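Coordinate inspection notes
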Amino acid sequence: MHALVSRLRGTLLPAVVTPMSTEGVVAYDVLASYAGALAAQPIGGLAVWAHTGRGLYLTAADRSKVLETWRQATDLPIVAGVGVPRSESAQSLQEASDATVAMAQQAAAGGADAVMVYPLAALGDLPDGHAQAVALHERVAAESGLPLVGFYLHGEAGGYPYSPELIRDLLSLDSMLGVKTATLDRAIGCQDAIWAGRGTGKLLITGEDRMYGPSFMWGADTALVGIAAAQVELSAAVLRSWTSGDHSGFLTASERLDRFAAATFYAPIEGYVQRMLWAAVWEGLIPEDAAHDPYGPELPASERDLVIRCLEELSHYPAI
């Protein structure tokens, strides 16, 4: 078993945002400050180039510099999301696999400790899609030299449902640290995925921002979530109280986290990145001029008001 399994188990890894201008220019001075602030929080590692950080939209140069900035800020394990960059027109599954491998190799060169493999949604419709998905992960591990995190991602974000059989086959790979579920609101799919990993010894990673507390009750033991890109303590308190057996504290922490999730993760779901950036501004992590998501939908001012009102109310609650 890879050493990162025991190191990461029971910890929180924020899927971090990438501070940008309205034109998508990364604000590296802001990123360095944000990285330093998050690295000081109660986390076990972090994820760059993930959906929350718009990793597939970044240029190759920006990806390298974003990873370099985080690597300079912390010695904690860094997981890098890898897939097909939006700038690449992969015309076949072979080209998509090649692009994913190339991104994983870039992550390895930049000092990432592991990679999280974005699903290739086209595989979900193929008779041999299961075998091809396993082969993709094997290739990424072999050619990057890094351990892997599998990524069961909901369709609204470009993924497809992973069957329990696929989850088990992925977790059987020596290179696999664990599988992250991000099913959005599909409780049955999340349960089945987590239960498929029981007894494997691998990480059962929740990415369920709207089913965060319940996913631990279903068996998740580690968290890699976009909702921890700001207000880290809200997510950390849920995991901490659950693992310590403080069930009363767990219920209290879950109710607070759920309120924050209800103000940030809802339709249009792609708007969550901008809502998390607004939360980061309120917290003082990112200045206003670097809190833009040029790749998400335009949102009305009322949605920002909802985020701020929620955070103002939660700020008056006592610590758990």
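Attention here is on the structure that accompanies the text.

Cut-offs and rules
- Residues numbered from 1 in each chain as written.
- Predicted model: local features only at pLDDT ≥ 70, side-chain atom pairs only at ≥ 80, totals over all residues.
- Heavy atoms only, no water.
- Helix = DSSP H or I, 4+ residues; strand = E, 2+ residues; numbered from the N terminus.
- Rg over C-alpha atoms; globule rule 2.2 N^0.38 Å.
- Buried < 20%, exposed > 50% of the residue type's maximum accessible area, 1.4 Å probe, protein only.
- Contact = heavy atoms within 4.5 Å.
- Areas by Shrake-Rupley, 256 points an atom, 1.4 Å probe, with all protein chains shown as cover.
- Lys, Arg positive; Asp, Glu negative; His and termini not counted.
- Charge placed at Lys NZ, Arg CZ, Asp CG, Glu CD.
- Axes fitted to C-alpha atoms, helices over the stretch in contact; angles between N-to-C directions.
- Parallel < 35°, antiparallel > 145°, perpendicular 65-115°, else oblique.
- Nonpolar A, V, L, I, M, F, W, Y, C, P; charged D, E, K, R; others polar.
- Left-handed = near helix turned anticlockwise from the far one by under 90°.
- Salt bridge = Lys/Arg side-chain N within 4 Å of Asp/Glu carboxyl O.
- Pairing = 2+ DSSP bridges.
- Right-handed = clockwise from strand over helix to strand, strands pointing away.
- Phe/Tyr/Trp six-rings, centres within 6.5 Å; stacked < 30°, edge-to-face > 60°.

1. Description of the overall build of the protein chain
Check the secondary structure of the protein chain and you find twelve helices and eight strands. For the protein chain, whose C-alpha radius of gyration is 18 Å, the value lies close to the compact-globule estimate of 20 Å for 320 residues. Oriented by its inertia axes, the alpha-carbon framework of the protein chain measures out at about 50 × 45 × 35 Å. Burial status across the protein chain gives 58% buried among its 320 residues. Long-range contacts, defined here as pairs at least 24 residues apart, represent 73% of the contacts in the protein chain between residues at least 6 apart. With the model as given, the accessible surface of the protein chain reaches about 12300 Å², and the carbon-plus-sulfur share is 54%. Of note, the protein chain has its 20 positive side-chain charges centred 4 Å away from the centre of its 36 negative side-chain charges.

2. Description of the environment of alanine 107
Within the secondary structure layout, alanine 107 lies in helix α4 (residues 93–109). Distance in space between the C-alpha atoms of alanine 107 and leucine 146 is 8.9 Å, their sequence separation being 39 residues. Alanine 107 has contacts with Trp49, Leu67, Ala80, Ala112, Val115 and Leu146, leaving out every residue within four places of it along the chain.

3. What to know about the packing of helix α10 (residues 247–264) against helix α11 (residues 272–283)
As a packed pair, α10 and α11 sit with axes 9 Å apart at the nearest point and diverge in direction by 120°. Compared by their axis directions, α10 and α11 come out oblique. Contacts between α10 and α11 involve Phe260, Ala263 and Thr264 from the first element and Tyr272, Arg275, Met276 and Ala279 from the second. Of the residues that constitute the contact of α10 with α11, the class distribution is five nonpolar, one polar and one charged.

4. Details of the packing of helix α6 (residues 164–171) against helix α7 (residues 187–196)
Helix packing for two helices is described by the angle between their axes and how far apart those axes are. Orientation of α6 relative to α7, taken along the N-to-C sense of each, is 35°, at an axis distance of 8 Å. The handedness of the crossing between α6 and α7 comes out as right-handed. Judged by residue contacts, Pro164, Ile167 and Arg168 of α6 engage Asp192, Ala193 and Ala196 from α7. Considering only residue class, the contact of α6 with α7 consists of four nonpolar, no polar and two charged.

5. A word on the side chain of arginine 63
Following the sequence through the fold, arginine 63 ends up in helix α3 (residues 60–73). For arginine 63, which is buried and forms no salt bridge, the nearest opposite charge comes from glutamate 88, at a distance of 5.5 Å. When near neighbours in sequence (up to four residues on either side) are disregarded, arginine 63 contacts Trp49, Gly55, Leu58, Pro85, Met103 and Gln106.

6. Description of the pattern of salt bridges
Per the stated rule, a full pass over the model turns up 13 salt bridges. One network of salt bridges, in which partners are shared, links Arg54, Glu270 and Asp293.

7. A closer look at the sheet that holds strand β1 (residues 12–14)
Spatially, eight strands are ordered β1-β8-β7-β6-β5-β4-β3-β2 in an open sheet, and the strand pairing comes out parallel. Looking along the sheet, the strands with just one partner apiece sit at the ends: β1 and β2 (46–48). Across the sheet, the mean angle from the axis of one strand to that of its neighbour is 25°, orientation sign disregarded. Bridge count between β1 and strand β8 (residues 222–225): three bridges; the pairing is parallel. For leucine 12, the partnering residue across the bridge sits in β8 and is alanine 223.

8. Notes on the pairing of β8
Burial along β8 is two-sided: Thr222 and Leu224 facing one way and Ala223 and Val225 facing the other are all buried. As paired strands, strand β7 (residues 203–206) and β8 are joined by two bridges and run parallel to one another. Its bridge partner lying in β8, threonine 206 is registered against alanine 223. Once the chain exits β7 it traverses helix α8 (residues 212–217) before rejoining the sheet at β8, and the crossover so formed is right-handed.

9. As for the packing of aromatic side chains
Inspection of the entire model under this criterion finds eight aromatic pairs. Where tyrosine 34 meets tryptophan 70, the ring centres are 5.6 Å apart and the plane angle is 80°; that geometry is what we call edge-to-face. With tyrosine 34 in helix α2 (residues 28–39) and tryptophan 70 in helix α3, this pair connects stretches of sequence that are 36 residues apart. With respect to class, tyrosine 34 is no different from tryptophan 70; both count as buried.

10. Observations regarding the environment of tryptophan 49
Within the secondary structure layout, tryptophan 49 lies in the loop between β2 and α3. On the basis of relative accessibility, which here comes to 2%, the residue tryptophan 49 falls in the buried class. Put simply, tryptophan 49 and valine 79 are 30 residues apart on the chain and 8.5 Å apart in space, counted from C-alpha to C-alpha.

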